[in-house]
Every structure is written in C-alpha cells, then in structure tokens.
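The primary structure of each chain is shown beneath.
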Amino acid sequence: MEIGYYPGCSLESASREFDISLRAICGMMNITLVEVPDWICCGTSPTHAVSQELSHLLPYKNIQKAEMHGIKELLIPCPSCLYSISHTEAACVTDANVRQRLSEVTGYTYEGGLKIYHLLDFLRDRVTLGGLKAMVKKPLEGLKIASYYGCLTRFFPAAADDMEQPSLLEQIIEALGGQPVEWTCKVDCCGASLSITRPDITKRLLGEILQSATRASADCIAVVCPLCQSNLDIRQKGLTSPSGAPYAIPVIYLTQLIGIALGARSGALGMEKLMIDAMPLLRAKGLL
Amino acid sequence: MTESSHHENIELLTYSEVIDVKGFVGNFDVTIRMRPRSVDMSRCTGCGDCLTKCPAKVPSEADQGLGTRRAIYKPFSNAVPNVPVIDRDHCIYFTKGKCQICQKVCKAGAINYEQEETIRTEKFGAIIVATGFSLFDISKYGEYGGGRYKDVITGLQLERMIDPNGPTGGRLVRPSDGKPAKSVVFVQCVGSRDEVKGMAYCSKVCCMYTAKQAILLKDHFPETQSYVFYIDIRATGKNYEEFILRAQREYGVVYLRGRVSKIHDPGDKLEVYGADTLAGESVKINADLVVLASAMVPNPDARDLARMLNIPYDSYGFYSEIHPKLQPVESITRGMFIAGACTFPKDIPDSVMMGSAAAAKVCTLFAADELTVEPKLAEVAVDKCVGCFNCVDVCPYDAIQKDTVSGRNVARVIQTLCQGCGNCASTCRSGALDVKGFTDKAIYAQISAPFEADEEEENAYAGA
Amino acid sequence: MLELDAEHVHNLSKRVKELSGDDVTHCIQCGKCSGGCTVAPDMEEIPSRIMRFIQLNMKERALTSSMVWTCSSCLTCTARCPEGIDIAKVMNVLRMMCLAEGYTPKEKHIHVFNRLFIDMIKKYGRVYELGLMVQNNMMAMTPFRDIGLLPAILKKRKIGLLPHKVKALGEVKELFKKGQTFYKRMKVEGWK
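Owing to the predicted nature of the structure, the values given are computational and were not obtained by experimental measurement.

A count of helical and extended segments in chain C gives 12 helices and 0 strands. Restricting the contact set of chain C to residue pairs at least 6 apart, pairs at least 24 apart contribute 66%.

Put into structure tokens, the structure is as follows:
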C-alpha cells in the first residue's frame, strides 16, 4: 500500500522519534510512505491568530504540492497540522470565496477529493484492527496504558463514536495485547501551545493529566500528538504528585508501541530519544 | 387510579395497546391488542407470593435500573390493577422451559402460561391521547460520563432513591460504593436548551423538581450540601418563585449560574467542572453524587402513533393542537383530543388542567344531540365527478370516501370530518369539488372585481 | 457605565460574524465554555464573558482582554457549545481585530511568540524549534527560561541544531507577499 505523508515541522525536529517509529512500522506493514516533496509548515495556531488568509495559504500550498506529486491519500500524524490542512481542505470544498481567493494567489485550483487521514483513522480504516492484531508478535501483555488523545484528535473521524469519550485508541491498544486503563483526562488539553509563553498554566494542566494517569495505575501514557508528547515528556521533570513524589511516567508514541508489539528493535523506533526512559519499564514487562 | 378502576363507567385496559383507529367522531372503530399477561385477572387475589418467589431478577424499569424486579412483577407497588404480569423475555420457564415456581406458589391458580394475545375492535365516540413523554438519553453527553459513571444519575433515579419504598429504602447513597452522599451537584438543562446535542426548548419542569429534591435532601439528610448549576430559573407557576427562594434561603442550597462543562470520575469523589457566570469564575466541586435534569422528550414511538391516529406533530415529535391558545386540547381530527406531556413538557398542574379540559370537551360533545360543524365544507358535484379519487389521497382528515351513485364511482365528503381546507378542491381536475362559500367561481369574481373597478374609474376620467 | 444606542449595539457582533461566520448573538450565556476552558482557572476573565462583551458591543473590553490572547486553541469550548458557536475561532478573530484596531495585545509575549513563529516560516519555510525558543526568550527578556532543559534535549538530539530550509523558499515568500499577510488586509476587507 502506498500513502502520501506530511510529517510537519515537529516530526522533523523535536519529535523525530514519531517520524522514525512511523516509518519503521510502515516498513514492517508493507506500507510505502510518499513524503510530500519540499513541504512547508502548515502555519498552525499562530497563523490562525494573525491572518485568516495566511492560515489557509500555507496548508493550501501543501495540498498543491501533494496533488502535483500524484498523492490522492494523505496521512498527517500531527493533529495540529492535520487540523490546519483539513480545515483548509474543507473550506475549499464548501466555500467558493475561499477557493477562488486561494487559486488566485497560488495559481493552482484544488478541485477536492484529497482523502486526509489521522493516524488512528488510518490504522482503523486501512490497516484494520484485525490486520494489526494478526501482525502482533510480542503482545503488550500486562502493560497498563493510559490512552491520551489530546484536545484536537476528537475533531476527526477517529473520535466519531463519542468526541468526549472516544475509544479507538483503546481498541488499538487492545489489539496490540495491551491493557488500556480507565482515566479521566484523555481529551483534555495539555497546554503545549502555552508551554513557552504561560508555563504556569501548562504546569497545572500537566499536573492534572499525570495525576489522573497515576491514580489509574497506568505504567505509561500512549500519545498520538507530537506536541502532547514533548510537553508531557520534557516538562514532566520537576513535577510532583500531591504527596510530593516526583512523576516519572514514560510517554510513548502509539507508533512506538506498535513497533514493539510487531517485534521491532527499540533502536529502530527511536526509543532512546524519549526524555523519560521507557526501557526499564519495557524490560520489566519482558517486551525488550 | 384505584378509584377509576372501580368506576362503573370506566374500563381500564392495561397491558394493551391501540393498534388501529378507523372511522370518525362518534364512530371510531378502535382495534386493541391485549397482550398476554400470563396471569388470570379474574382469579388473582394480588397476594404477591409469586413476586417474592420468582428466581429471575431483572433491572427494574420503575426504579430506573437502581434496583431489580422479578420476571413476574408489578411495574410498581401501587400499580393498578393489583395483578402481576410475566415478562416472557426474562421468565426462566418461557426462555428455558423449566421453573414454573410462580404456578406452584399461587394458591388461587391464577398463573396461565398458555394465555394468548387477543385482539378486539370496539366503537368509541371520542379519543383522548395522553401518552406522556420519555427522558432524554444522557449517553449523548460523554462529557458527563455518558451513562458510564455510576454516581452520575438522573433526577428520576434520585426520585426513586429518596422513596422509602424505593431501591435503597430511602437512603441517599452513591450507587458505586453504597456510601452515603454528602455533597450533591444538580445539573440543569441536560438535553434541553442545547441545539447541538439535544433539544432547543426549555424542558420546563426541571427547575421546580430540582428545587424540591434539594429541599427534600436537606430535610431528610441534614448533612448534605446541594449545589444547583442553572442557566435561568424558570419558576412561573403559583408560589413557584417563593419555593425556589425557600430552597436557597432556608435550606442553604447553593445556586450557581452556569452550565457544567465536564465531570471527571477519578474513582472516589466526582470532580464537577462548571462556571458561575455571575462571579465570572470557573468552578470545581468535588461531589459524591451528580444529578442530571435530563430533558422531557417525546416517546420514541410518538411519531408512529401520531401517523396511525392522524395527529400532526412538530419537528420534535410533540403532538400539535389546532390552536395553541384557543384550542389547546383539540387535534385536527374531530373527536380526537390531546392532553399532557405528549404535546410538550408539562408539569403536574398543567397536565391535570389539560386532562380535565379534554374530558370536559368530550362531555360537551356527547351532551349535544346534534353535531355543529363549520359551514365551509367541501362539496361534490356528483354529475361532474369522474371518480379519479385524487382527492382521497390529498385529504389530510380522511374525510373523503369512495361511493357509488347509480353505478358510477364518485367521491363523498364526510361532513363531520371535513375541515374545509380546500386541498381537494384545488386537486380536482373535473371541477367537481368546491368548498362551500369559497367556490372557484366566487374567488375568481373577487379577484376580478378590483380590476373591473379600475376600468370603470378610468372610463370615468376619460369621459371627464 | 455601559451606554447602549440602537445605532451601534450590534456593531461588534456583526463584525465578528463577518470575519468568523459565527453569530455570537446566539450565545445564551450558559457558561459551558467557561466551565471547561483550559486556561480560565488562571485568568481573571472567562470566555462566556467575552461572548457577552461582543453581544453588548463592548469593543474595548473584548479586544483588550488577556483571555483573548491566552486562549490555548484547544477547542474544548467549540466542541461543547450548545449553540454550535466556534468560540475558539471567535477568539482568533478578536486577536486579529485587536491588532487591526491598534490596541496593544494584553499578553504581549504571546503575540511576540506568534510573530516570531510566523517570521520563521517566512524565513525558512518550516519552523525551527530551538531558534524559536532562544529568540522568544530573548524577546521576552527571560533568556534563561527553560535553560535547564537544554542539555538533556540536545543530548537526546531531540531538537536539531540547524534549521531545515525548504528548497522553494521563493514560493513561500511569494505567499507572504501576495497573501497580504498579517492583519493589514483585514482593514480593507474581511473574509473567512
């Protein structure tokens, strides 16, 4: 299977392990990722805050680059990029003014028809849960996992069952043989966008998320967003539970967990790049 | 209920449903399906022995799932008639072929597994539809747990809980662990005043029953503290506003003006996140129990029933009256009346008023020797009618029947049903149908009149 | 004191509707957005009050509130609004209006961060996180913020030392030029 791929800035720098592990599992599943050539930043929330025009132009340019490369289906693992790009894609289809203005500026007219996937949708609709289960070599037995969707994933078909209590990530974890825990913060915002400008707010939010995961006795948190991962992973140090104990909960990309279950080497999944070392946990569970 | 069951002019048909209605005012042919109760009503003494011995336990509908009932059961303790029914879907004998304990313990020999459904058709002069309402399904609110948090209950569940004969024996406990609830949060407008997930309308009764419940909790369990999240307090009945004030002033109920955004269930106390827009602050309350005031909504089968009875309904499925102010209990079908919450959310006083009004309307109808009808009725010119019967299809009142006059098929208007809407007249291709007083000829004449006048005036000017 | 006159009372809500497509007059002030707001517990204002300011044409109060800038764009309010108002989008529109109308953003450093972010896209076509962090700290006059995290981050090679530049940088610059970026265009005409 071949699928277009838009990594986005985070997967190229601070969240390289997301990109590495995604490429690794796609290789194992016989999926060829066709990267959008010379893609540019989607603009994400800062452009939405200063210019509506720019917030459409940057995603549009990427849609143009993808289409010109013959991409019909596009996987965007970063929910922020996905939100920007699918927002513009939808606006082009529904709003003639937007479509006209964008083709005027770029000289390219998008006619609609590009299928855009969230990682979870892609796994469910293209790989299928059964297909995934069949490929598992090392079930994540005994691994208690808090499934963290973050704030944006709920807006995609991945959470179509219930945007407040989605269950697809849990279903995938179960297919991998892991044990999803019941916890309270799965769609709450981690405050990543404020981590530089208002770290006080981010700290409070991280504290709530980590406390909830700890109360649910989760061994680790599974994530599908590079911003959530960086925020929870890098800024966990120094945060303590109400009783004063420092937190040290590994925050692992779903793609890494899939890689482990499919039997990949940890080095091939970028596990060493996680700030909170997940190796001791995985070794203790006999998964490495 | 008990009184009406003993009245000589009233026959109660329980465990039965109307499956077809034909005819018209004074002459309704109603077909009723009487479902098999599996208990002989003429023999049962209502002793209740079977109710305690039946081994099959099922979540109780009347207790809103908080308690259980048996497979042979009465819907609730004061149910009329005082005769149980066997729920064949859960009865061990009906599902597995063995048991029959109820038959063994019944001293009156009233248990009859062989009973079969019976259908009867009878004539009635008038029909009052008072089919009530259902509650909004809270599973649509994932942010409130969507039904998966045990300690988030509905107002009706709390009502059952504080009943001394209810599933908890009147104790206020957390369904999750059975511990007493001290801090209780009431959430108003769940499913109502919500155009995205629920209904746009105000469910009307929640403000008052919530205040009542909060007062009762403080009365029965002085250690409880209640909080009510509301958007607006709608207390427009007699003494209603004073009642709300009593809850706040005498019973210390804390009212917070805002809607709850989410509830977390970390395992012990629930965390309720809301806002008080008057203080301009977001609010978090740790609660033992959360009570959702879920909206009153039409019954799931309200639309099917309305189609069978030929009653119009609104976009929600509530039944429509002819005129919301002047004819609130009449439906468009003469002799068919509507009352209570099947028309819109209503509290008890309003429902009683509507029921009484509908009954009085029926009495008025029956007291007269003759039926008075509006003069603007459709009329068939039999000589022009070609018998295509397009009019039959377009008549919303089923007022046109097929008839034969000297061997020819022609339409016939039932005068008691016709409301003079004119649908048939505009559909009739041969010009055989007209509404009295509004014939095509008369209407054309009215349209032409002003133009003719103009011509005359113009001529007058020309002559001057 | 708030003085209302028939001529202007709907001005702000109309302008917001033109720019975002959302009719804030539909807000019933239920406060559900405020109850679930990610940042409200740390703020003096709550989102439902901002909606009220719009309804009552209180332009200065709406445009100069720090809530408008601190909003984390998590869209929780949007997901739960019973009237279907995209509140997070309205917040973005207010940010743009704030700048277009010449008000000083209440949380200046957030605006500075946004500008740095966008400048970086303009310069490289992509965002270069380390540079962003350093520049932001310099601008915010907190050069040593998060300095403790750096050695570990660099050791894990989480953040690249050099920016990735896109090849067709000319195209990006073109977008910025033709697209009449930032808020300037808004003064001329608004479109969603």
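A count of helical and extended segments in chain B gives 12 helices and 23 strands. Relative to the globule expectation of 23 Å for 464 residues, the C-alpha radius of gyration of chain B, 29 Å, shows a markedly less compact shape. Counting only C-alpha atoms and orienting by the principal axes, one finds that chain B spans roughly 95 × 70 × 35 Å.

The next subject is the interface of chain B and chain A. With 7 residues of chain B in contact, the opposing surface of chain A contributes 7 residues. A class-by-class count of the residues in the side of chain B that touches chain A yields 1 nonpolar, 4 polar and 2 charged.

Let's shift gears to the nonpolar core. Considering soluble globular proteins, one finds that nonpolar side chains tend to be buried as a cluster. Residues Ile-221 and Ala-222 of chain A together with Val-290 of chain B are the most contacted members of the largest nonpolar core, which totals 222 residues. Looking at this core element by element, the count peaks at 10 residues for helix H7 (residues 87–100) of chain C. Apart from residues no more than four positions distant in its own chain, Ile-221 of chain A is found in contact with Ala-146, Tyr-148, Ala-213, Leu-232, Ile-249 and Val-251 of chain A. Counting residues in each nonpolar core, the second largest holds 18 residues, with Ile-400, Ala-411, Val-413 and Cys-428 of chain B among its members.

Two pairing modes exist for strands in a sheet, parallel and antiparallel, and in both the strands are linked by backbone hydrogen bonds. All names here are of chain A. With parallel pairing, the 4 strands of this open sheet are ordered in space as S2-S1-S3-S4. Each edge of the open sheet carries a strand with a single partner, namely strand S2 (32–35) and strand S4 (115–117). The sheet shows a mean angle of 40° between the axes of neighbouring strands, direction not considered. Here 4 bridges tie strand S1 (residues 2–5) to S2, and the two strands are oriented parallel to one another. Of the residues in S2, the one forming a bridge with Tyr-5 is Glu-35.

This part takes up the sheet that holds strand S14 (residues 262–264) of chain B. Residue and element names in this part refer to chain B. Overall, antiparallel pairing links the 3 strands, which are arranged S14-S15-S16 in an open sheet. Edge strands, defined here as strands with exactly one partner in the open sheet, are S14 and strand S16 (281–287). Sheet twist, expressed as the mean angle between neighbouring strand axes with direction ignored, is 25°. Two elements, S14 and strand S15 (residues 270–276), share 3 bridges in a ladder whose sense is antiparallel. The residue of S15 that forms the bridge with Ile-263 is Val-272.

To describe two helices that pack against each other, one gives the angle between their axes and the distance between the axes. All names here are of chain A. Across the interface, helix H2 (residues 16–28) lies against helix H12 (residues 254–261) with an axial gap of 8 Å and an inter-helix angle of 40°. Classified by the angle their axes make, H2 and H12 are oblique. As for how H2 packs across H12, the hand of that crossing is left-handed. Mapping the contact onto sequence places Glu-17, Phe-18, Ser-21, Leu-22, Ala-24 and Ile-25 in H2 and Thr-255, Gln-256, Ile-258 and Gly-259 in H12. The residue inventory of the contact of H2 with H12, partitioned by class, reads 5 nonpolar, 4 polar and 1 charged.

A common way to report how large an interface is uses the accessible area buried once the components associate. Taken together, the contact between chain A and chain C spans 43 residues of the former and 50 residues of the latter. Among the secondary structure elements, those contributing two or more residues to the side of chain A that touches chain C are helix H1 (9–12), helix H3 (44–50), helix H4 (52–68), helix H6 (96–106) and helix H10 (199–215) of chain A. Of the residues in the side of chain A that touches chain C, the class split is 22 nonpolar, 11 polar and 10 charged.

Right, let's get into the packing of H4 of chain A against helix H5 (residues 79–94) of chain A. All names here are of chain A. Where H4 meets H5, the closest approach of the two axes is 9 Å, and the angle between their N-to-C directions is 90°. By the angle between their directions, the pair H4 and H5 is classed as roughly perpendicular. Counting all contacts with H4, which are made through Ser-55, His-56, Pro-59, Tyr-60, Asn-62 and Ile-63, the residues of H5 involved are Ser-84, Ile-85, Thr-88, Glu-89 and Ala-91. For the contact of H4 with H5, the per-class residue count stands at 5 nonpolar, 5 polar and 1 charged.

Residues and elements named next belong to chain B. With an omega of 0°, the peptide bond between Val-80 and Pro-81 qualifies as cis. Its place among the elements puts Pro-81 in the loop between strand S5 (72–73) and strand S6 (85–86). In the Ramachandran plot, Asp-398 falls in the positive-phi region, its phi being about 55° despite a non-glycine side chain. By the element assignment, Asp-398 lies in the loop between helix H10 (390–394) and strand S21 (400–405). For Asp-398, a count of 14 C-beta atoms within 10 Å puts it in the partly exposed group. Although it is not a glycine, Ser-406 adopts a positive phi angle of roughly 40°. Along the polypeptide, Ser-406 turns up in the loop between S21 and strand S22 (408–413).

Partitioning chain C into structural domains gives domain 1 (11–100) and domain 2 (108–179). Look at where the C-alpha atoms of domain 1 of chain C and domain 2 of chain C centre, and you get two points 28 Å apart.

Right, let's talk about helix H8 (residues 302–309) of chain B for a bit. Residue and element names in this part refer to chain B. Those residues of H8 not exposed but buried are Ala-302, Leu-305 and Ala-306. On an axial view of H8, the arc spanned by its buried residues comes to 100°, and they lie on one face. Seen from the buried face of H8, the exposed residues on the opposite side, beyond 90 degrees, are Asp-304 and Arg-307. Just downstream of H8, Asn-310 is the residue with a positive phi angle, here 65°.

Further remarks concern the confidence of the model for chain C. The predicted model of chain C has a mean per-residue pLDDT of 85, with 89% of residues at 70 or higher. The complex prediction reports pTM at 0.91, with the ipTM value standing at 0.92.

The next thing to look at is the domain arrangement of chain B. Residues and elements named next belong to chain B. Taken domain by domain, chain B consists of domain 1 (36–116), domain 2 (134–297) and domain 3 (373–464). The C-alpha centroid of domain 2 is placed 34 Å from the C-alpha centroid of domain 1. If you look at the interface, domain 1 gives 5 residues, while domain 2 gives 9 residues. Grouping the constituent residues of the side of domain 1 that touches domain 2 by class yields 1 nonpolar, 3 polar and 1 charged.

Thresholds, definitions, all that
Residues numbered from 1 in each chain as written. Chains lettered and ligands numbered in written order. Predicted model: local features only at pLDDT ≥ 70, side-chain atom pairs only at ≥ 80, totals over all residues. Helix = DSSP H or I, 4+ residues; strand = E, 2+ residues; numbered from the N terminus. Contact = placed C-beta atoms within 7 Å. Rg over C-alpha atoms; globule rule 2.2 N^0.38 Å. Nonpolar A, V, L, I, M, F, W, Y, C, P; charged D, E, K, R; others polar. Core = buried A, V, L, I, M, F, W, Y, C linked by C-beta atoms within 7 Å. Buried ≥ 20, exposed ≤ 12 C-beta atoms within 10 Å, placed from the backbone. Pairing = 2+ DSSP bridges. Axes fitted to C-alpha atoms, helices over the stretch in contact; angles between N-to-C directions. Parallel < 35°, antiparallel > 145°, perpendicular 65-115°, else oblique. Left-handed = near helix turned anticlockwise from the far one by under 90°. Domains from an automatic or database assignment. Arc of directions from axis to C-beta. pLDDT = per-residue confidence, 0-100.

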